[in-house]
Amino acid sequence: MMWSKRTIWWCIVFICVKQGVSQNVSSLSKVSENCESGKRQDCADCRTVKICSYDQTVLTSYKCQDVEPDKPYCVGSGICSSDYDSESACGVADDLCPSTKAGFYPDPSNCTQYIYCDEKKIATPVSCLAANNAYNHSSSSCFLRKVLDDCFQVNCELLQNRNKWFIYKPFPQLYFFCSMSGLPVMFECPREFEVYDVKLQRCKFECRESGRFPYPGDNKKYYECVYVTPFKLELFEQRCPLQLTYDEEKRICNVK
């Protein structure tokens, strides 16, 4: 049987979309497709409530986070709670947590929401209190949006965004990858003055203030940021004189 190019193209799209939908399941636990006999309300997973009919069909579902931001977990017979039933079921590492250091991080797909990551990379979502607010990573709090650019977010579910790297523009030390399953995976540059370069696909040093800064992996060299105009900083790589090494504390080349 001969298939036209158009038919083949639509088959590929269907397979990709189907695969994306099947994989776009919370990594915390697999969503239950059917309801238990006699239950009209239950947990689809540890964050989602499902509403059922008597014939065990799921009529609709909703995220606890969207209804009660301070109670993001589903427990028992579909009740939203501030705590989860089991760490093994819900308390697993979340790909939105970029490091083992506890703290608040943005949700790159939703500017009105952020997450708290503990040392085990277990994430707790938090929503801005007002719909016209957006998360500010520098202050770990929400602020009133005044222009469209105040809300930075990327829809990783769109096919054109999948399998691509993005910089979290409000704080370019953070960057994320939109996976083929349509879920963002967050990363963080290891050093304070580094930002992610999408073209190079690595973190690189960026001048944010004038002064001298350590060169990673080589104490004979250092970065120096100098104002070349009243508003423009330029980066230079410098080398210490012979017999001297860069002293991070004094920010000068010093005797070993």
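Attention in this report is confined to the structure presented alongside it. What you see is a predicted model, and the numbers here were worked out from it, not measured in a lab.

About the thresholds
- Residues numbered from 1 in each chain as written.
- Predicted model: local features only at pLDDT ≥ 70, side-chain atom pairs only at ≥ 80, totals over all residues.
- Heavy atoms only, no water.
- Core = buried A, V, L, I, M, F, W, Y, C linked by side-chain atoms within 4.5 Å.
- Buried < 20%, exposed > 50% of the residue type's maximum accessible area, 1.4 Å probe, protein only.
- Helix = DSSP H or I, 4+ residues; strand = E, 2+ residues; numbered from the N terminus.
- Contact = heavy atoms within 4.5 Å.
- Disulfide = S-S within 2.5 Å.

### A few points about the nonpolar core
With 17 residues, the main nonpolar core has I115, C117, V154, Y168, F176 and C178 as its most contacted residues. Residue assignment for this core shows that the elements contributing at least two residues are β7 (113-117) and β12 (174-178). When sequence neighbours within four positions are dropped, the list of residues in contact with Y168 reads P106, Y135, H137, F152, L174, Y175 and F176. Core analysis: the next-biggest nonpolar cluster, separate from the first, contains 6 residues, F205, C207, F213 and Y223 among them.

### Examining the environment of Y168
You can see Y168 is positioned in the loop between β11 (164-167) and β12. Residue Y168 is classed as buried on the basis of its relative accessible area, which comes to 4%. Along the backbone, Y168 and D107 are 61 residues apart, and their C-alpha atoms lie at a distance of 9.7 Å.

### Description of the state of the cysteines
The final tally for this structure, using the stated rule, is 10 disulfides. The residue that forms a disulfide with C64 is C80, at a sulfur-sulfur distance of 2.1 Å. Taking the sign of the S-S torsion, -85 degrees for the link of C64 and C80, the bridge is left-handed. Separated by 16 residues along the polypeptide, C64 in helix α2 (residues 64-67) and C80 in strand β5 (residues 79-81) bring together distant segments of the chain. With respect to burial, C64 and C80 carry one shared label: buried. The disulfide partner of C128 is C142, and the S-S distance across this bridge is 2.0 Å. Across the disulfide from C128 to C142, rotation about the S-S bond amounts to roughly -80 degrees, and the bridge is consequently left-handed. Of this pair, C128 sits in the loop between β8 (123-127) and β9 (133-136) while C142 sits in strand β10 (residues 141-144); the two residues are 14 residues apart in sequence, bridging distant segments of the chain. Judged by relative accessible area, which is 10%, C128 ranks as buried.

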